[in-house]
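A look at the structure
Okay, here's what each chain looks like letter by letter:
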Amino acid sequence: MILITRPKEESRLLRDKLEILGMDVATDILSRFRIRKNKQKWTTKKIFLISSPRAADIFINKKILNFQNAFLIIGKKSESKLIKAGYKNIIHTAINSEKMFHYLKNKFRNNTAYNFNNIVYLTSTVGNQTFQIKLNRIGIQKKIIYETFYKKNLNKETITLIKKNKISVCLVFSKNNANHLVRLFNKHKLKNPAEKIIFI
């Protein structure tokens, strides 16, 4: 059986697809999101660093930015969402935060057309803290655009399935979610049976 831990709507869509393929699926939504109200007007001179599909969705749905704004993007999925929505002024896309920081430190800073002070890192209340510290050291500001709330306990059904070794694969969608899942496993004393699960 496959356990999906993605947010509600994503879990529902993925579950439907997997069940069509004849797979047994369970869901346990680990987190929920709340968008912060943003009354700030951004100038077209700002360059926005987006590191998650969630942040990309917020800007697309809320129409916060101008199509003239430039972007630095982490992840092909986020890039695809922005391009599809018409935001095509993309300076650079990196596969992860480490690659992005390497680009910023080496290639971006040597381009006289750009300035670190013009970059705004759009993130959540539980964003990549290590990455944020690195960005802060080179003068890149952070803007929290949505809040993330994690559940305190796993569903009783999930606990029972794991104890009975019914879960063979677990789908997680971020490093933060993976870390929280480990904390819940320890809380519910599921460490031993969870070690048999394949995490993707």
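1. Section: the side chain of Ser78
Examined against the element boundaries, Ser78 turns out to sit in helix H3 (residues 76-85). Those residues in contact with Ser78 that lie beyond four places of it in its chain are Ser52, Pro53, Ala56 and Ile73.

2. Points about the sheet that holds strand E6 (residues 90-94)
On the basis of which strands lie adjacent, the open sheet formed by six strands has the order E3-E8-E7-E4-E5-E6 and mixed pairing. The strands lining the two open edges of the sheet, one partner per strand, are strand E3 (31-35) and E6. Pairwise comparison of adjacent strand axes, ignoring direction, gives a mean angle of 20° for this sheet. Relative to strand E5 (residues 70-74), strand E4 (residues 47-50) is paired through four bridges, and the arrangement is parallel. What sits directly across from Ile47, in E5, is Ala70.

3. Quick notes on the pattern of salt bridges
Counted according to the given criterion, the structure contains ten salt bridges. Between Asp57 and Lys81 there is a salt bridge whose closest N-O contact spans 3.1 Å. In this pair, Asp57 is assigned in helix H2 (residues 53-62) and Lys81 in helix H3, connecting sequence segments 24 residues apart. Given the relative accessible area of 26%, Lys81 is considered partly exposed. Where salt bridges share partners, they join Arg6, Glu10 and Arg54 into one cluster.

4. A closer look at the packing of aromatic side chains
The tally for this structure, following the rule as stated, stands at seven aromatic pairs. Ring geometry for Phe48 and Phe71: centres 6.4 Å apart, planes at 40°, overall tilted. Of this pair, Phe48 sits in strand E4 while Phe71 is found in strand E5, placing the two residues 23 residues apart along the sequence. Plain terms: the ring middles of Phe108 and Phe116 are 5.6 Å apart, the flat faces sit at 15° to each other, and that makes the pair stacked. Accessibility assignment for this pair places Phe108 and Phe116 in one class, buried. The ring centre of Phe149 lies 4.5 Å from the NZ or CZ of Arg32, which sits over that ring.

Each value, and the rule that gives it
Residues numbered from 1 in each chain as written. Predicted model: local features only at pLDDT ≥ 70, side-chain atom pairs only at ≥ 80, totals over all residues. Heavy atoms only, no water. Helix = DSSP H or I, 4+ residues; strand = E, 2+ residues; numbered from the N terminus. Contact = heavy atoms within 4.5 Å. Pairing = 2+ DSSP bridges. Axes fitted to C-alpha atoms, helices over the stretch in contact; angles between N-to-C directions. Salt bridge = Lys/Arg side-chain N within 4 Å of Asp/Glu carboxyl O. Buried < 20%, exposed > 50% of the residue type's maximum accessible area, 1.4 Å probe, protein only. Phe/Tyr/Trp six-rings, centres within 6.5 Å; stacked < 30°, edge-to-face > 60°. Lys NZ or Arg CZ within 6 Å of the ring centre and 35° of its normal.

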